[in-house]
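Examination of the molecular architecture
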Amino acid sequence: VIVEDLTLEDWTADPALTSHFKLTEDVAAAYSTLSFKANAKTDIKVGLRYEYTSTNLGSVEQPNVVDRQYGSFFPSVFVGRKLSDVQQLNLSYSRRIYRPGFTQLAPYLIFYDPSTVQGGNPSLQPSFVHAVRADYRYKVVGLTMEYNFESPSIRDVPFVDVATNTQTSRPENIGKTHTAYAMLNSPWQPTKWWAMQSTVFVAWQLFNTNYEG
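Here is a short report on the structure shown in this document. (Residues numbered from 1 in each chain as written. Predicted model: local features only at pLDDT ≥ 70, side-chain atom pairs only at ≥ 80, totals over all residues. Heavy atoms only, no water.)

For the largest pocket, the calculated volume is near 180 Å³. As for the largest pocket, its lining consists of Pro 15, Ala 16, Leu 17, Thr 18, Ser 19, Phe 21, Ser 59, Glu 61, Gln 62, Pro 107, Tyr 108 and Leu 109. When its residues are assigned to classes, the lining of the largest pocket shows seven nonpolar, four polar and one charged. The volume enclosed by the second largest pocket comes to roughly 150 Å³. Considering the residues around the second largest pocket, the lining is formed by 14 residues, among which Tyr 31, Leu 48, Arg 49, Phe 74 and Ser 76 are closest to the centre. Elements with a minimum of two residues in the lining of the second largest pocket: strand S3 (22–39), strand S4 (42–58), strand S5 (66–82) and strand S6 (87–98). Here the lining of the second largest pocket is built from residues that sort into five nonpolar, five polar and four charged. (1 Å grid on protein atoms, 1.4 Å probe; cavity = no way out; pocket = protein on both sides within 12 Å on 5 of 7 lines; lining within 4 Å. Points joined across faces, edges and corners; volume = space filled by probe spheres on them. Nonpolar A, V, L, I, M, F, W, Y, C, P; charged D, E, K, R; others polar. Helix = DSSP H or I, 4+ residues; strand = E, 2+ residues; numbered from the N terminus.)

Pairing of strand S1 (residues 4–7) with strand S2 (residues 10–13), which is carried by four bridges, proceeds in the antiparallel orientation. Across the sheet, residue Thr 7 finds its bridge partner in S2, namely Asp 10. In this antiparallel pair of consecutive strands, S1 and S2, the connection spans two residues, and Leu 8 shows a positive phi of 55°. (Pairing = 2+ DSSP bridges.)

Another point: the environment of Leu 105. Residue position: Leu 105 is located in helix H1 (residues 102–105). Looking at Leu 105, the relative accessible area reads 1%, which means it is buried. Between the C-alpha atoms of Leu 105 and Ser 123, which are 18 residues apart in sequence, the distance is 7.4 Å. Setting aside residues up to four positions removed in sequence, Leu 105 forms contacts with Thr 55, Leu 57, Pro 100, Gly 120, Asn 121, Pro 122 and Leu 124. (Buried < 20%, exposed > 50% of the residue type's maximum accessible area, 1.4 Å probe, protein only. Contact = heavy atoms within 4.5 Å.)

What follows covers unusual backbone geometry. Geometrically, the link from Ser 151 to Pro 152 is a cis peptide bond, its omega value of -10° lying close to zero. Here Leu 8, not a glycine, exhibits a phi torsion of approximately 55°, which is positive. Looking at the element boundaries, Leu 8 is found in the loop between S1 and S2. Positive phi, normally seen in glycine, also occurs at Asn 64, with a value near 55°. Relative to the elements of secondary structure, Asn 64 occurs in the loop between S4 and S5.

Right, here's the structure in full:
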């Protein structure tokens, strides 16, 4: 990122706003799965995954701005039940991770206009999501319901400097997010020559945080 000022006829780089960052991230994982039939109509699959992440972000002027190593387990469970010849029910649970991207971590600034900038946050931590899902199918009609719990949530937060009349936004680990949705899929054929796939999607989200008191 290069920010230059025009003085008379010469462009001069602003050292406070000019930077060259590099991100190196390695993820190693080991996982195991076990599948078996509880009975003639019920299939069960369980899994456990371990991930180890090593992240290093820095520049020549600021080496090791982020130098982080962490590991975590991610279990998953899947249960499939055949209710009848035309009905199927699937239930699942999983734990997932969302790792901050380069632009979210690097502490450089991106200008939207002279008084509004977007910056990164080197102290940003990964977010973890617990997901519970149910899929029901009757012939060709499908109903899906899912609930996700994310903590800590990653959200862009604005900070206003009244003295300079500038606004800086950067991602922060704030609050917890609850998300639930339901989706209904069904084919529909109004005429012999016209086949359609219809989808109805309903979502609900609750975000809890404390911002500026």
